[in-house]
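Secondary and tertiary structure notes
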Amino acid sequence: MELTVEIKGNSRVVHLIGNMDVHNTHKIEQAFMEHINKAGESNIVLDMSNVEFVSSAGLRVIVGSLRVCKEREIQLKLAALRPAVRKVFEIIDMDSLFKIYDTVDSALK
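The name an unreviewed UniProt entry gives the chain is Anti-sigma factor antagonist, with Leptospira fletcheri as the organism. In the Sequence similarities (unreviewed entry) part of its UniProt record, the chain is described as follows: "Belongs to the anti-sigma-factor antagonist family."

See the structure below:
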């Protein structure tokens, strides 16, 4: 799994590439928390357009990130979830916890 970041206005866009599973969530969690901790922006958009699978370990990282963002008054937005990943969020009712957008551009508006 790869993670890249770009700043767009008052948002930090975090692009994830690969699967979020037990084999790489520790690495992603550590990198993502570093970006949350140094974020000077009021929004973080998690671009999941290149994530095909999210395990329970991956969901734990995302929920933990939401908690930290709320503590720091940073809005965490999820964008471009593939249908299978979005279905997981819907099945376990996590789509009610997050602001989910169809595209990164719509999350940035």
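Structure shown, so let's carry the discussion forward.
Comments concerning the packing of helix H1 (residues 25-38) against helix H2 (residues 56-71)
Contact pair H1 / H2: the axes reach a minimum separation of 10 Å and the direction vectors enclose 15 degrees. The angle between H1 and H2 places the two elements in the roughly parallel class. For the pair H1 and H2, the crossing hand works out as right-handed. Facing H1, whose interface residues are Thr25, Glu29, Phe32, Met33 and Ile36, H2 presents Ala57, Gly58, Arg60, Val61, Gly64, Ser65, Val68 and Cys69. Considered class by class, the residues forming the contact of H1 with H2 number seven nonpolar, four polar and two charged.

Notes on the environment of Leu66
Residue position: Leu66 is located in helix H2. Sequence separation between Leu66 and Phe89 is 23 residues, and the spatial gap between their C-alpha atoms is 14 Å. Contacts of Leu66, omitting those with residues within four sequence positions, involve Leu76, Leu97 and Phe98.

Remarks on H1
Look at H1: 20 Å from first C-alpha to last across 14 residues, which is about the 20 Å you get at 1.5 Å a residue. The inward-facing, buried residues of H1 abut strand S1 (2-8), strand S2 (11-17), strand S3 (43-50), H2 and strand S4 (75-79).

About the criteria used
Residues numbered from 1 in each chain as written. Predicted model: local features only at pLDDT ≥ 70, side-chain atom pairs only at ≥ 80, totals over all residues. Heavy atoms only, no water. UniProt positions renumbered as here; feature names shortened; annotations may be inferred. Axes fitted to C-alpha atoms, helices over the stretch in contact; angles between N-to-C directions. Helix = DSSP H or I, 4+ residues; strand = E, 2+ residues; numbered from the N terminus. Parallel < 35°, antiparallel > 145°, perpendicular 65-115°, else oblique. Left-handed = near helix turned anticlockwise from the far one by under 90°. Contact = heavy atoms within 4.5 Å. Nonpolar A, V, L, I, M, F, W, Y, C, P; charged D, E, K, R; others polar. Expected span 1.5 Å × (residues − 1).

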